[in-house]
There are 2 protein chains.
Amino acid sequence: MKIKVLKDILGANEQLAQKNRELLDSKGVFAINLMSSPGAGKTNLILQTIRKLKGKVKVGIIEGDISSTWDAEIVAKENVPVVQINTGGECHLDANMMQSALNNLPLKEIDMLIIENVGNLVCPAEFALGEHKKVMISSTPEGDDKPHKYPLMFHDVDSFLINKIDLLPYVKFDIDAFTRVVTGLNEKVEIFQVSCVTGQGIDKWVSWLLKQLKK
Amino acid sequence: MKIKVLKDILGANEQLAQKNRELLDSKGVFAINLMSSPGAGKTNLILQTIRKLKGKVKVGIIEGDISSTWDAEIVAKENVPVVQINTGGECHLDANMMQSALNNLPLKEIDMLIIENVGNLVCPAEFALGEHKKVMISSTPEGDDKPHKYPLMFHDVDSFLINKIDLLPYVKFDIDAFTRVVTGLNEKVEIFQVSCVTGQGIDKWVSWLLKQLKK
């Protein structure tokens, strides 16, 4: 019974996500769903990305959080349209929340939409929002064992960032072994090594984003 | 309707948790529920704690993970009884899973049970397992904004560890401001600054544990 209910919920979510995707396509907006553990660097990556794309691509942001407008306030300082979704306890965004957020964004004025999901390596992987690409961030202090423990998200993402590479000298993280495990779980994934503090590797990531936009 | 169902689930969980607690009490086992983001250092704290308590207190471990026996294998090397719970996709442990695990532990031979919950700052806070104390770990690279974004867990825990203080020189983390926010959300909480790499602060944490055991 429990499984049946879950299937129904996921089925309904999938239909709504499809509608969101059609709306985005009709307005010419490319959307990514950005997922990670709490504190892996989603907001800092968004800030770096907005700055690199300034003058080239018009970016809009959806900020997903349990409560608070902490990240939305930080991002809004970059003068881009931002909508905050507070899930009110839910541990992930879903297509229904995404639909409400899309109704509150000036989609005609946006080329690229970045959705910052709730910090969580489990549930966000199960709920499509209508995005074109799923992107995941792992940070080096989290340790290189995460793909073994949260395989679904690693398996499903299109693009993957290893963030906080500036901390590599101070933490136990075997970046080659980690990369091998991630590509073993997910052959198609593109991996970028970045530091949102020093800016290292951000150009390559932004090039990938721009390539997706032109597709 | 949705809220009603959630209330029923939480109510049923609470009843089972109470039974687990009674079982633990009848066997004289003190139990803590250890929660954090993925990679904050739960397993390393468990290893440090087992080593410090060796010869003084008999420790048993429950390892909660989505899938894999990664952590259980690491902990088992310390020659303590370990039971792995694989949640099969669920983003938190619940009292029902805990009950099965307790049936597979030699409770008569244990003084203290440490339950490592699934790495997640959201859902584990809502599900009692039957533990005597809730303990949370935050690590410095995650950033000092987490209490604003995941308030429920910070609000409910009895004891709180700030881990990876060896990385303080390399990350942006205002430990005094963070501590003020945490104690603002949770007056009763006891806070420990530790490094599971250097061992700094572990003695104070273990003293707290021993004090709880004697209560």
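What counts, and at which threshold
- Residues numbered from 1 in each chain as written.
- Chains lettered and ligands numbered in written order.
- Predicted model: local features only at pLDDT ≥ 70, side-chain atom pairs only at ≥ 80, totals over all residues.
- Heavy atoms only, no water.
- Pairing = 2+ DSSP bridges.
- Helix = DSSP H or I, 4+ residues; strand = E, 2+ residues; numbered from the N terminus.
- Axes fitted to C-alpha atoms, helices over the stretch in contact; angles between N-to-C directions.
- Contact = heavy atoms within 4.5 Å.
- 1 Å grid on protein atoms, 1.4 Å probe; cavity = no way out; pocket = protein on both sides within 12 Å on 5 of 7 lines; lining within 4 Å.
- Points joined across faces, edges and corners; volume = space filled by probe spheres on them.
- Nonpolar A, V, L, I, M, F, W, Y, C, P; charged D, E, K, R; others polar.
- Least-squares fit on C-alpha atoms with pLDDT ≥ 70 in both.
- Buried < 20%, exposed > 50% of the residue type's maximum accessible area, 1.4 Å probe, protein only.

1. Some points on the sheet that holds strand E6 (residues 159-163) of chain B
Residue and element names in this part refer to chain B. The strand order E3-E2-E4-E1-E5-E6-E7 describes an open sheet built from seven strands, whose pairing is parallel. Sheet topology places strand E3 (82-86) and strand E7 (190-193) at the edges, where each strand pairs with a single neighbour. Across this sheet, the average inter-strand angle for adjacent strands is 20 degrees, counted without regard to direction. Where strand E1 (residues 30-36) lies against strand E4 (residues 112-116), five bridges are found, and the strand directions are parallel. In the sheet register, Ala31 faces E4, and the bridge partner there is Leu113. The strands that helix H2 (residues 42-53) touches are E1, strand E2 (59-65), E4, strand E5 (133-139) and E6; relative to E4, the one it contacts most, it runs at about 165 degrees.

2. Thoughts on empty space enclosed by the protein
Using the criterion set out here, one finds one cavity of 30 Å³ or more in the structure. Considered as a void within the structure, the largest cavity measures approximately 60 Å³ in volume. Lining the largest cavity are 14 residues, with Ser139 and Glu142 of chain A together with Ser139, Pro141 and Glu142 of chain B sitting closest to its centre. Of the residues that constitute the lining of the largest cavity, the class distribution is six nonpolar, four polar and four charged.

3. Here we look at the relation of the copies chain B and chain A
Structural alignment of chain B on chain A gives an RMSD of 0.0 Å, achieved by rotating through 180 degrees and translating 0.0 Å along the axis. Each copy turns onto its partner about a two-fold axis. Of all interface residues in chain B, 100% are interface residues in chain A too; the two copies therefore contact each other through one and the same surface.

4. Let's talk about the side chain of Gln212 of chain B
All names here are of chain B. Its location among the elements puts Gln212 in helix H8 (residues 202-214). Gln212 gets classed as buried once you look at its relative accessible area, which sits at 5%. Those residues in contact with Gln212, other than ones at most four positions away along the chain, are Phe30 and Lys133.

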